[in-house]
Amino acid sequence: MKNIPLLLMGCGGVGRQLLQHIVSCRSLHAQQGVHLRVIGVCDSKSLFFASDVITRELNDQTLYEVCRVKSNGSSLSALGDLGECIVYGNSESKRKVMDIAALLGKATGLAFVDCSASSETIGVLNQVVDMGCCVVLANKKPLTSIMEDYDKLVSFPRRIRHESTVGAGLPVIASLNRLLSSGDPVHRIIGSLSGTLGYVMSEVEDGKPLSEVVKAAKNLGFTEPDPRDDLSGMDVARKALILARLLGRRINLDNIKIESLYPDEMGPDAMSVEEFLASGIVSLDNDVQERVKKALLNGNVLRYVCVIEGSSRCEVGIQELPKDSPLGRLRGSDNVLEIYSRCYNKQPLVIQGAGAGNDTTAAGVLADILDIQDLFP
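Residues numbered from 1 in each chain as written. Predicted model: local features only at pLDDT ≥ 70, side-chain atom pairs only at ≥ 80, totals over all residues. Heavy atoms only, no water.

Going by the annotation in an unreviewed UniProt entry, the name recorded for the protein is Homoserine dehydrogenase, with Salix purpurea given as the source organism. The record in UniProt for the protein states the following under Catalytic activity (unreviewed entry): "L-homoserine + NADP(+) = L-aspartate 4-semialdehyde + NADPH + H(+)". In its Cofactor (unreviewed entry) section, the UniProt record describing the protein reads: "a metal cation". (UniProt positions renumbered as here; feature names shortened; annotations may be inferred.)

Here's the deal with the nonpolar core
Judged by nonpolar contacts, the single largest core of 80 residues is most densely connected at I100, F112, V128, I189 and L243. Looking at which element gives the most residues to this core, the answer is helix α11 (residues 234–246), with eight residues. In this structure F112 touches L7, M9, V97, A101, V124, L125, V128, C133, C134, V135 and V136, once residues within four positions along its chain are discounted. Among the nonpolar cores identified, the runner-up in size contains 36 residues, and L19, L36, V69 and L366 belong to it. (Core = buried A, V, L, I, M, F, W, Y, C linked by side-chain atoms within 4.5 Å. Buried < 20%, exposed > 50% of the residue type's maximum accessible area, 1.4 Å probe, protein only. Helix = DSSP H or I, 4+ residues; strand = E, 2+ residues; numbered from the N terminus. Contact = heavy atoms within 4.5 Å.)

A short note on the packing of helix α4 (residues 90–104) against helix α5 (residues 121–128)
The contact between α4 and α5 brings their axes to 10 Å, and the two run at 20°. Taken as axis vectors, α4 and α5 run roughly parallel relative to one another. Remark: the crossing between α4 and α5 carries right-handed chirality. On α5, the residues touching K94, V97, M98 and A101 of α4 are V124, Q127 and V128. Split by residue class, the contact of α4 with α5 holds five nonpolar, one polar and one charged. (Axes fitted to C-alpha atoms, helices over the stretch in contact; angles between N-to-C directions. Parallel < 35°, antiparallel > 145°, perpendicular 65-115°, else oblique. Left-handed = near helix turned anticlockwise from the far one by under 90°. Nonpolar A, V, L, I, M, F, W, Y, C, P; charged D, E, K, R; others polar.)

Take a look at the structure:
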């Protein structure tokens, strides 16, 4: 049985779902000759780890308890009575994480799995790659930091996986890597990479006011607690940056042209979420409806997309697209990506499916962990 030690950073929705997937797949993985040995989990305040990280692990009952405690909004410090070790405090946790990485990295190997949404993991990840550790990411921020951080992370390409940073579990990164490694240059990518904005744009296409659609999306759980986190386009821009850098573009977030669906005067610093939903977004309804009508007159529809083209173009925002194109036919919260290359020139490679959700994203992370199993003794 091949044992893969892993340390999970981030116990939010995706992190908890990953732990549940790991436990529920025990018999399947046993048939495949693999055992995922969770030696520790950490949140922003605490690290909870096995008393002997070389020989022991957090058992399945303990992992379920981690999920229960975190789903209740409590800190990992609440697990102090389970007989395992616990370290309190952010800086102390980081030191212990580095100790574990140094101990296991070169010996048995160690997979650092980042399911957080924090930029604070970047420093840790940059150090552990030099210690022989593998890195699996659902967190986009390490890959969208400055180029120096990015170069460090990808300096050992066989030891990093990040499929779930773009399109949740969809095979976007793997498909692009296969094209590039086969010498098939990609010259254009256009895609709808936000399930939230995909839903919003397809609903306003049916004549519904933007304000009503956003409120409905929030009630359905499609948006962040503050819908402006989705409407700003920043999440799509991060995904676009990851794809652009994969194609060799040496750019940063501030090089990407980003169209926000609301003006600065309606930003979080100017009005509360309640004010924005009650009065702010209503004033945007007419403008969006006019753009929808204009597109329909041209036989097109509006979609919020990222466009990466040539050596310089990288932007995210609303585009008019043909109704009969893969993006034009998009409905609901699916993601769609069109990839144009030498081999896929007239008819693009199209990747479509659920591109959001804790379950889908966690499944993508789990697949990434299993994909690096050959690197472990």
